[in-house]
Amino acid sequence: MGVMPSAASDAPLTIGPTVRDDLVGLEPYGAPQLDVPHPLNVNENPFPPSDALAADLGRAVEAAARGLNRYPDREFHDLRADLAKYLVVESGIPAPPEDSIWVANGSNEIMQQLFQAFGGPGRSALSFTPHYSMYPEYARDTFTAWVTAARGPAPDFALDARTVTAAIAAHRPAIVLLTSPNNPTGTALDLDVVRAAAAAQARHGGLLIVDEAYGEFRRDGVPSALTLLPEHPGLVVTRTMSKAFALAGARIGYLVADPAIVDAVRIVRLPYHLSGITQAVARTALAHGTELLSQVALLRDERDALAADLAARGHDLAPSDANFILFRTFTDRQAVFERLLERGVLIRVVGPEGWLRVSVGTPDDNLAFRRALEEADPR
Ligand code: PMP
């Protein structure tokens, strides 16, 4: 609190701290956290850790707890080695060197660190609407100008190389943020688009981020941008353990990129940002990777069944490579959202007017959603 003498008397006048002008009146980001039977609004994995994994996590956390008087490994060498092994299996790429991997508290923190290192005053970042709602906040918080161009029309919301390169030519952004599969549309990107964006960014020394938070849910035959890393030193692929690994509560995200990019991020990270507990949890979950990825396969099947069902009801929907589906309602979307909520099903009002996004849940959740939708959005 600043204290100033008052003009009228000697009594001190107390003035509160003055928040940044551009933050005045803003609300913190976040979807409602409501206690409902079927929470399908934030693209979580609906399956909690198995008993075996929970028990292993307990043991790993206890072992880590015995060393909590010391700061954790600032470079998390073991975790990076485990992630490299995982990516070989998951994406069929040669093992990325340890110094090309970086981990933080969720991919949100990864993005913030990338914006801190590559954005900033006098620089801009570009993405394509509709996009994940947090993106403009990374820009705002790092004083990076935020610019957008539109994805293609509904129901595909496709993004082509020409749209991306034209927007890059117009803005020459320090950072381009592509998302595959995209949130909220579920659309995966052709690697040709990523190649074109990487080449266009390389012409002026810009960074290209491909956010693959939902990468593991992509359909068979859809490649990951990880396969392009060796050819493009300005490309970063980000991933998270919040979705496929069902660890949203543990806060673990990571990136893979040229080691020079990792080195830049290491400058801006806070010291010891990744706690010893977090590192132990991540490594234990990776050791259970096979079990967790079999749940991903089940969720992909559930997604395809749900998509077929919505299409059979006559809804327009965006083809989804993710663990959620964006669909067009027949009646007012806000009313549909509320009627679903009255029936215990919480989904998300996001995307263009008239569309809603539902996360893929357990078979039981998905059935409850389908039944509730019959009443909430009659044809
Ligand atoms: N990217 C996208 C596209 C997302 O949808 C999300 C979470 N909903 C994130 C990044 C951040 O996820 P986390 O911080 O949990 O890794």
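Residues numbered from 1 in each chain as written. Predicted model: local features only at pLDDT ≥ 70, side-chain atom pairs only at ≥ 80, totals over all residues. Heavy atoms only, no water.

*Asks:* Mind showing me how you'd approach the side chain of N43 here?
*Replies:* Along the polypeptide, N43 turns up in the loop between strand 3 (38-39) and helix 1 (51-65). For N43, a relative accessible area of 1% gives the class buried. Among the polar contacts listed, one links the side chain of N43 to the side chain of R357, at a separation of 3.5 Å. Contact partners of N43, with chain neighbours within four places excluded, come to N183, Y214, K243, N323, F324, R357 and S359. (Helix = DSSP H or I, 4+ residues; strand = E, 2+ residues; numbered from the N terminus. Buried < 20%, exposed > 50% of the residue type's maximum accessible area, 1.4 Å probe, protein only. Polar contact = N/O pair within 3.5 Å; in protein donor to acceptor, adjacent residues only side chain to side chain. Contact = heavy atoms within 4.5 Å.)

*Asks:* Teacher, can you tell me more about the pairing of strand 13 (residues 355-359) here?
*Replies:* Within a regular beta strand, the side chains point alternately toward one face of the sheet and then the other, so they alternate between its two faces. Extensive coverage of strand 13 is indicated by the burial of five of its five residues. With burial as the criterion, each face of strand 13 is covered, one bearing W355, R357 and S359 and the other bearing L356 and V358.

*Asks:* Hey, could you run me through the domain arrangement of the protein in this one?
*Replies:* A common way to state how big an interface is: give the accessible area lost once the parts meet. For the protein, the assigned domains are domain 1 (38-50 + 290-376) and domain 2 (52-287). Once you take the C-alpha centre of each, domain 1 and domain 2 turn out to be 25 Å apart. Each partner contributes to the interface: domain 1 provides 29 residues, whereas domain 2 provides 29 residues. Approximately 2600 Å² of surface area, both sides summed, lies buried where domain 1 meets domain 2, with 59% of it carried by carbon and sulfur atoms. Counting the surface domain 1 buries against domain 2, the share from its top three residues, L292, R300 and D321, is 25%. Where domain 1 touches domain 2, the interface holds two salt bridges. Here D321 and R219 are joined by a salt bridge, their closest N and O atoms 2.9 Å apart. Linking domain 1 with domain 2 are 13 residue pairs in polar contact (both at pLDDT 80 or more). Listed by contribution, the elements that provide at least two residues to the side of domain 1 that touches domain 2 are helix 9 (289-312), strand 11 (324-328) and strand 13. In terms of residue count, helix 9 provides more of the side of domain 1 that touches domain 2 than any other element does, seven residues in total. (Domains from an automatic or database assignment. Buried area = accessible area lost by both parts, 1.4 Å probe. Salt bridge = Lys/Arg side-chain N within 4 Å of Asp/Glu carboxyl O.)

*Asks:* In this structure, what is going on with the packing of aromatic side chains? I would like to understand it.
*Replies:* Summed over the entire model, instances satisfying the criterion amount to ten aromatic pairs. Note on Y214 and F324: the rings are 4.9 Å apart at their centroids and 80 degrees apart in plane angle, and the pair reads as edge-to-face. Note that Y214 is positioned in the loop between strand 8 (207-211) and strand 9 (235-240) and F324 in strand 11, a separation of 110 residues in sequence. We note that Y214, like F324, is buried. Grouped by ring-pair contacts, the aromatic residues Y29, F115, Y132, Y135 and Y138 constitute a single cluster. Note that R379 overlies the ring of F330, its terminal NZ or CZ placed 4.4 Å from the centroid. (Phe/Tyr/Trp six-rings, centres within 6.5 Å; stacked < 30°, edge-to-face > 60°. Lys NZ or Arg CZ within 6 Å of the ring centre and 35° of its normal.)

*Asks:* Explain the sheet that holds strand 7 (residues 175-179) here, please?
*Replies:* The strands making up a sheet are joined through hydrogen bonds of the backbone, oriented either antiparallel or parallel. Strand order in the open sheet formed by seven strands is 4-10-9-8-7-5-6, and the pairing between neighbours is mixed. One side of each edge strand has no neighbouring strand; the edge strands of this open sheet are strand 4 (101-104) and strand 6 (145-150). On average, adjacent strands in this sheet sit at an angle of 25 degrees to one another, irrespective of strand direction. The sheet contact formed by strand 5 (residues 124-129) and strand 7 spans two bridges and is parallel. (Pairing = 2+ DSSP bridges. Axes fitted to C-alpha atoms, helices over the stretch in contact; angles between N-to-C directions.)

*Asks:* Sorry, what's going on with the site of the ligand here?
*Replies:* The immediate surroundings of the ligand are formed by 14 residues, with S107, D211, Y214, T240 and S242 found nearest. One of the side-chain N or O atoms of S242 is found 2.6 Å from an oxygen atom in the ligand. Residue R251 places a side-chain N or O atom 2.9 Å away from an oxygen atom belonging to the ligand. Relative to its unbound accessible surface of 400 Å², the ligand loses 93% to contact with the protein. Here the shell around the ligand is built from residues that sort into four nonpolar, seven polar and three charged. (Near = heavy atom within 4 Å. Areas by Shrake-Rupley, 256 points an atom, 1.4 Å probe, with all protein chains shown as cover. Nonpolar A, V, L, I, M, F, W, Y, C, P; charged D, E, K, R; others polar.)

*Asks:* It is not clear to me how the nonpolar core should be interpreted in this structure. Could you clarify?
*Replies:* In summary, soluble globular proteins display a tendency toward joint burial of nonpolar side chains. Counting 81 residues, the largest nonpolar core has V103, L114, L178, V194, L208, M241 and F245 as its most contacted members. Ranked by the residues each element gives to this core, the list is headed by helix 6 (residues 191-203), at six residues. Structurally, this core is a two-domain feature, drawing no fewer than three residues from each of domain 1 (38-50 + 290-376) and domain 2 (52-287). Residues contacting M241, with those up to four places away along its chain left out, are A246, L247, A248, I252, Y254, A282, A285 and L286. With 20 residues, the next largest nonpolar core counts V336, F337, L346 and A372 among its residues. (Core = buried A, V, L, I, M, F, W, Y, C linked by side-chain atoms within 4.5 Å.)

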